[in-house]
Amino acid sequence: MQREVLLGDEAVGLGAIHAGLSGVYGYPGTPSTEIFEFVEQRTAGSGGVHAFWSTNEKVAYEEALGMSWAGKRALVCMKHVGLNVAADAFMNSAVTGTNGGLVLAVADDPGMHSSQNEQDSRVYAQFALIPCFEPRDQQECYDMMIEAFDLSEELALPVMVRLVTRLAHSRSGVATREPRPQNALHPTREIRKWTLLPSNARVQYRHLIDKQPELLRRAENSVHNRLTLAGRRGVIACGIANNYFLENVDDGHDLSVLSLAQYPVPAGRIRRLVEHVDDLLVLEDGYPVVENMVRGLFGLDGVRIRGRMTGEVPRTGELNPDLVRSALELPPHATAHQPSPSLAGRPPALCKGCPHTDTFRALNEALSEFENPQVFSDIGCYTLAAFPPLEAIHSCVAMGASIGMAAGAAHAGYRPAVAAIGDSTFSHGGITPLLSAVQQGVNLKVIVLDNGTVGMTGTQRSMSTGDALDHIILGAGVAPEHLRIIEPTPANHAANVQILRDELAWDGTSVIIARRTCLEAIKRKAS
Amino acid sequence: MQTNIILAGVGGQGILSIAYVIDNAALDAGFHFKQAEVHGMAQRGGAVQSHLRYGDGPIHSDLVPTGRADLVLSVEPLEVMRYWHYLSPDGWVVASVTPYVNIPDYPELDGLIENLAEFGRVVLVDSSLIARAAGNLRAQNMVVVGAAAPLLHFPDSTLEKYVEMLFAGKGQKTVDVNIRAFRLGRAAGLFFRGLVDGGLSIPDAVRLCRKIDPATVDPAHGPAWAAAIHGDRQLLEQVLAGESTVPCDRVAAPA
Ligand code: SF4
């Protein structure tokens with residue numbers, strides 16, 4: 001037995017490889033990126049595992065589903081909001097079911113360290129009616145991946161493994177097993193199952209419903225859902241919350257505890273706990289999913305249920321050992337020093353010399369003749385241009401949303417409607433709204449910040465940069481004379497401002513590509 | 001036994017490299033360990049921290065609870081103050097006094113050192129000075145690991161083994177520079193404590209250390225320096241007023 005130091009993300013990747021993985025799919029997004037990267041690096045050169053970043057999460061999910069259709073094991077990984085993009089394929093893959101094992105590893109971001117919201121993917125698993133594992137530590141990340149693949153093939157369903165930032169980005173020693181060989185190519189022949197015409201879909205959906213008692217039985221009997229009955233005060237600790245709970249109690253505690261790591265929620269075990277206690281604290285790093293299920297609409301007679309909904313645990317934000325300590329009504333630990341109030345903050349910022357800085361300086365100047373101009377933007381390093389000193393962008397909602405929102409504002413009569421989007425974000429979600437805008441002849445100015453990479457998540461490969469990007473934009477129907485390419489440097493500032501002004505003065509859809517390579521990407525290439 | 005460390009610094013300062021060295025030393029020693037780190041947006045020049053825990057029993061939480069840290073290890077003085085409420089009542093600070101100024105409202109350095117001096121249980125080293133002496137300004141993170149080494153539970157040879165592994169891909173020269181940074185940092189930390197334990201005030205000890213050639217620092221001379229300055233305050237002023245640095249053994253054999 002070997003031991004390796006692995007991030008939670010990496011342990012997920014290694015578990016998948018050792019489960020006989022044939023393909024890994026995904027789009028970079030904190031805190032999930034390292035899952036894909038680990039598989040890619042670990043299997044590089046061996047030729048055995050297909051590893052190529054997808055244009056977005058929906059594409060990734062569909063590619064993984066195709067791999068499963070062909071009988072092989074596929075891992076698809078993404079951050080929580082990525083699952084919104086993949087949701088169409090995801091929800092329907094539960095209806096078709098799978099052939100080769102299909103595991104979705106999704107990393108949630110409670111506390112929004114690097115995200116726009118803190119949605120809880122366990123709700124998605126429930127919504128799609130599929131099983132979900134919620135590992136408590138790095139070892140379980142590894143072990144549960146192997147189990148998830150087996151379960152997926154056994155039940156012919158996709159299986160979710162849900163991580164949170166803190167586990168995704170925490171390292172520990174992991175004991176590993178002998179790898180299992182990959183599946184042979186074995187395409188499914190069940191055409192009706194995979195063709196969700198209403199008549200087939202009704203049958204398949206019925207199958208999915210019929211599988212539910214079995215899913216529940218698995219969770220009830222799961223070794224991962226551990227119930228210990230002791231005193232009249234109870235705790236349900238889900239996933240990583242169990243670690244924070246254990247951190248705060250010693251072996252001699254008298255609490256009755258259900259530690260949960262496999263879903264659907266095991267109602268039988270919860271009933272036994274609830275019947276045993278008169279006070280129940282529910283600890284979850286995410287939404288109060290289990291807490292609300294246990295409470296129902298009207299609560300339970302004779303049992304006080306506490307958690308995020310009752311204020312013992314804050315309703316929002318990441319869970320941590322201190323919050324759990326106070327929820328357990330234990331006194332805080334003495335400390336050597338009080339927190340320092342009014343300490344100078346140190347927010348993240350664009351790298352010194354980043355091409356985006358020059359682009360936004362030029363844009364700010366070109367827009368200065370308009371009254372209170374606002375710029376729709378997107379997700380990437382350039383989102384940091386919202387902060388001083390640039391304060392150049394004024395929205396960030398969803399991948400690719402800048403273009404659609406700017407178009408909508410233009411429809412309403414807003415001038416000038418400007419969108420700023422990175423090259424990779426453009427390939428992810430910007431092409432279709434641009435196509436839409438061109439078809440309508442919207443007065444819209446799209447700045448594509450082409451730095452040749454996915455900068456924010458660690459310089460992964462971009463799908464639409466350089467010539468490919470130009471071709472896509474022209475192919476979408478943008479008039480060639482209104483596709484302008486600038487090189488954002490301090491020396492070109494005046495010329496770039498002029499080009500932007502010219503395009504702002506024209507009534508139609510323009511695209512200005514600001515092309516200069518990300519400094520971090522240059523550095524990484526050199527090292 | 002359980003040791004909890006908060007590693008602190010600014011994105012780009014190599015906090016994760018420090019973590020790599022200590023993580024692997026912990027694994028090597030057969031300890032349980034967990035180490036939570038920050039990826040993504042904050043790495044772009046923002047405040048970053050990593051929680052590192054090891055011990056001979058299972059480690060539950062990936063995060064160090066408030067009041068349970070034994071050590072805040074920071075590559076930068078201001079960042080210490082973001083985390084010192086994590087320290088247990090007898091916790092220590094090991095930090096560089098080289099400020100990383102990338103914000104407009106960075107406080108006065110002297111005031112920061114004053115705050116650290118008030119705290120008392122500190123090991124302060126000037127990482128930029130020492131890293132430069134070791135051969136590369138980028139090795140400041142290894143200087144700080146060196147300074148912290150006496151507070152950890154591993155033989156220096158184990159820590160050095162992983163410094164070597166960490167930089168092996170970058171060539172022998174980089175390995176040598178970083179090993180040197182580690183050793184000079186270790187010596188500087190011990191020397192600093194020798195001065196303070198010998199009665200020198202913390203701000204004076206910081207000032208004096210800046211004036212001693214980092215490549216010559218030998219912890220054995222710390223108490224002698226402290227005693228000499230105690231006997232003759234002029235000596236300190238003299239050294240501080242000098243244009244260049246002095247060798248550490250000058251106290252034993254005054255010029
Ligand atoms: S990583 Fe690249 S794109 Fe991001 S801030 Fe740095 S230079 Fe700019």
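Residues numbered from 1 in each chain as written. Chains lettered and ligands numbered in written order. Predicted model: local features only at pLDDT ≥ 70, side-chain atom pairs only at ≥ 80, totals over all residues. Heavy atoms only, no water.

Colleague: Where do I start with the overall build of chain B in this structure?
Modeller: Across its full length, chain B carries 10 helices and six strands. Computed over the C-alpha atoms, the radius of gyration of chain B is 18 Å, within 12% of the 18 Å expected from 2.2 N^0.38 for a compact globule of 255 residues. Within chain B, the proportion of its 255 residues that are buried is 59%. Across chain B, every contact between residues at least 6 apart in sequence was considered, and the portion connecting residues at least 24 apart equals 67%. Accessible surface for chain B amounts to roughly 9,600 Å². Of this, 51% is attributable to carbon and sulfur atoms. When the 20 positive and 27 negative side-chain charges of chain B are each reduced to one mean point, those points stand 4 Å apart. (Helix = DSSP H or I, 4+ residues; strand = E, 2+ residues; numbered from the N terminus. Rg over C-alpha atoms; globule rule 2.2 N^0.38 Å. Buried < 20%, exposed > 50% of the residue type's maximum accessible area, 1.4 Å probe, protein only. Contact = heavy atoms within 4.5 Å. Areas by Shrake-Rupley, 256 points an atom, 1.4 Å probe, with all protein chains shown as cover. Lys, Arg positive; Asp, Glu negative; His and termini not counted. Charge placed at Lys NZ, Arg CZ, Asp CG, Glu CD.)

Colleague: Looking at this structure, I do not really get the domain arrangement of chain A. What am I missing?
Modeller: By a widespread convention, an interface's size corresponds to the accessible area lost as its parts come together. Residues and elements named next belong to chain A. Domain boundaries in chain A define domain 1 (2–210), domain 2 (226–327) and domain 3 (355–526). Computed over C-alpha atoms, the centres of domain 1 and domain 2 are 27 Å apart. Of the residues lining the interface, 23 residues belong to domain 1; the matching set on domain 2 comes to 22 residues. Both sides together, the interface formed by domain 1 and domain 2 hides about 1,800 Å², and carbon and sulfur atoms give 50% of it. By the criterion of area lost to domain 2, the three top residues of domain 1 are R122, E134 and R136, representing 37% of everything that side buries. Our enumeration of links across domain 1 and domain 2 arrives at three salt bridges. Across the pair R166 and E318 runs a salt bridge whose closest N-O atoms are separated by 2.8 Å. There are 15 residue pairs in polar contact (both at pLDDT 80 or more) connecting domain 1 and domain 2. Looking at the side of domain 1 that touches domain 2 element by element, the count peaks at four residues for helix 6 (residues 138–155). (Domains from an automatic or database assignment. Buried area = accessible area lost by both parts, 1.4 Å probe. Salt bridge = Lys/Arg side-chain N within 4 Å of Asp/Glu carboxyl O. Polar contact = N/O pair within 3.5 Å; in protein donor to acceptor, adjacent residues only side chain to side chain.)

Colleague: Mind showing me how you'd approach the nonpolar core here?
Modeller: Nonpolar side chains tend to gather and get buried jointly when the protein is soluble and globular. All names here are of chain A. One finds L75, M160, I236 and V290 to be the most contacted residues of the largest nonpolar core, which totals 101 residues. For this core, the element with the most residues is helix 6, which contributes nine residues. Composition of this core by domain shows at least three residues from each of domain 1 (2–210) and domain 2 (226–327). The contacts of I236, once residues within four sequence positions are left out, are L258, L260, I270, L273, L280, L281, V282, L283, V290 and V294. Residues A417, V438, L449 and L500 belong to the second largest nonpolar core, which totals 51 residues. (Core = buried A, V, L, I, M, F, W, Y, C linked by side-chain atoms within 4.5 Å.)

Colleague: Looking at this model, I keep getting lost on the interface of chain A and chain B. Mind explaining?
Modeller: Contacts between chain A and chain B engage 43 residues on the former and 46 residues on the latter. Where chain A abuts chain B, roughly 3,900 Å² becomes buried across the two surfaces, and 57% of that area is made up of carbon and sulfur atoms. It is A:R171, A:E247 and A:R346 in chain A that bury the most area against chain B; as a group they hold 19% of the surface buried on that side. The shortest N-O distance in the salt bridge between B:R53 and A:E247 comes to 2.8 Å. Listed by contribution, the elements that provide at least two residues to the side of chain A that touches chain B are strand 1 (2–7), strand 8 (170–176), helix 10 (241–248) and helix 13 (321–327) of chain A. In terms of residue class, the side of chain A that touches chain B is made up of 19 nonpolar, 16 polar and eight charged. As paired strands, strand 8 of chain A and strand 2 (residues 32–36) of chain B are joined by three bridges and run antiparallel to one another. By the bridge assignment for strand 2 of chain B, A:S170 is matched with B:A36. (Nonpolar A, V, L, I, M, F, W, Y, C, P; charged D, E, K, R; others polar. Pairing = 2+ DSSP bridges.)

Colleague: What's the story with the site of the ligand in this structure? I'm lost.
Modeller: In the vicinity of the ligand, the contacting residues are A:L350, A:C351, A:C354, A:H356, A:C381, A:N451, A:C518, A:L519, A:E520 and B:R44. What surrounds the ligand is not a single chain but chains A and B. Looking at side-chain class alone, the shell around the ligand contains six nonpolar, two polar and two charged residues. (Near = heavy atom within 4 Å.)

Colleague: Looking at this structure, how should I read a negative patch on the surface?
Modeller: Negative charge collects at one region of the surface, where B:E108, B:D110, B:E114 and B:E118 lie side by side. Here B:E118 shows up in helix 3 (residues 109–119). (Patch = residues over 30% accessible without salt bridge, like charges linked within 9 Å, V, L, I, M, F, W, Y side chains within 5 Å.)

Colleague: Help me understand the pattern of salt bridges in this model?
Modeller: A side chain of one charge can pair with a side chain of the opposite charge when the charged atoms of the two come close. Residue and element names in this part refer to chain A. Taken as a whole and judged by the stated rule, the model has 51 salt bridges over all chains. The salt bridge involving K193 is made with E190; its shortest N-O contact spans 4.0 Å. Overall, E190 belongs to the partly exposed group, its relative accessible area being 47%. Beyond isolated ion pairs, a larger network of salt bridges with shared partners links D108, D120, R122, E134, R162 and E284.

Colleague: How should unusual backbone geometry be read in this particular structure?
Modeller: Apart from glycine, the bulk of residues carry a negative phi angle, and the bulk of peptide bonds sit in the trans form. Residues and elements named next belong to chain A. Geometrically, the link from T30 to P31 is a cis peptide bond, its omega value of 10° lying close to zero. Inspection of the secondary structure puts P31 in the loop between strand 2 (21–26) and helix 2 (33–43). P416 follows R415 through a cis peptide bond whose omega is -10°. Along the chain, P416 turns up in the loop between helix 15 (401–411) and strand 16 (417–422). For L129, which is not glycine, the phi dihedral falls at a positive 65°.

Colleague: Please clarify how the sheet that holds strand 14 (residues 304–306) of chain A should be interpreted in this entry.
Modeller: Adjacent strands of a sheet pair through backbone hydrogen bonds, lying either parallel or antiparallel. Residues and elements named next belong to chain A. Spatially, the five strands line up as an open sheet ordered 9-11-10-13-14, and their pairing is mixed. Each end of this open sheet is capped by a strand with a single partner; those strands are strand 9 (226–228) and strand 14. On average, each strand axis in the sheet is inclined to that of its neighbour by 10°, with strand direction left out of account. Two strands pair when backbone bridges link them, and strand 10 (residues 233–238) and strand 11 (residues 256–260) are joined in this way by five bridges, in the parallel orientation. The residue of strand 11 that forms the bridge with V235 is V257. Contacts between helix 10 and the sheet are confined to strand 10, strand 11 and strand 13 (279–283), with strand 10 contributing the most and set at about 135° to the helix. (Axes fitted to C-alpha atoms, helices over the stretch in contact; angles between N-to-C directions.)

Colleague: What am I meant to see in the confidence of the model for chain B here?
Modeller: Per-residue pLDDT for chain B averages 94, and the proportion of residues at 70 or more is 98%. Here the complex is predicted with pTM 0.95, and the ipTM for its interfaces comes to 0.94. (pLDDT = per-residue confidence, 0-100.)

Colleague: Sorry if this is basic, but what is going on with the packing of helix 15 of chain A against helix 16 (residues 423–440) of chain A here?
Modeller: Residues and elements named next belong to chain A. Across the interface, helix 15 lies against helix 16 with an axial gap of 8 Å and an inter-helix angle of 25°. Judged by the inter-axis angle, helix 15 sits roughly parallel to helix 16. For the pair helix 15 and helix 16, contact is made by I403, G404 and H411 and by F426, G430, P433, L434 and Q440, respectively. In terms of residue class, the contact of helix 15 with helix 16 is made up of four nonpolar, four polar and no charged. (Parallel < 35°, antiparallel > 145°, perpendicular 65-115°, else oblique.)

Colleague: What exactly am I supposed to notice about the side chain of B:D23 here?
Modeller: You can see B:D23 is positioned in helix 1 (residues 15–28). Buried within the structure, B:D23 lacks any salt-bridge partner; A:R171 is the closest side chain of opposite charge, at an N-O distance of 4.2 Å. Residues in contact with B:D23, not counting those within four places in the same chain, are A:V5, A:R171, B:F33, B:Q35 and B:L52.

Colleague: Can you walk me through helix 1 of chain B in this structure?
Modeller: Look at helix 1 of chain B: 20 Å from first C-alpha to last across 14 residues, which is about the 20 Å you get at 1.5 Å a residue. Those residues of helix 1 of chain B that fall on the buried side of the exposure criterion are B:I15, B:I18, B:A19, B:V21, B:I22, B:D23, B:N24, B:A25 and B:A26. (Expected span 1.5 Å × (residues − 1).)

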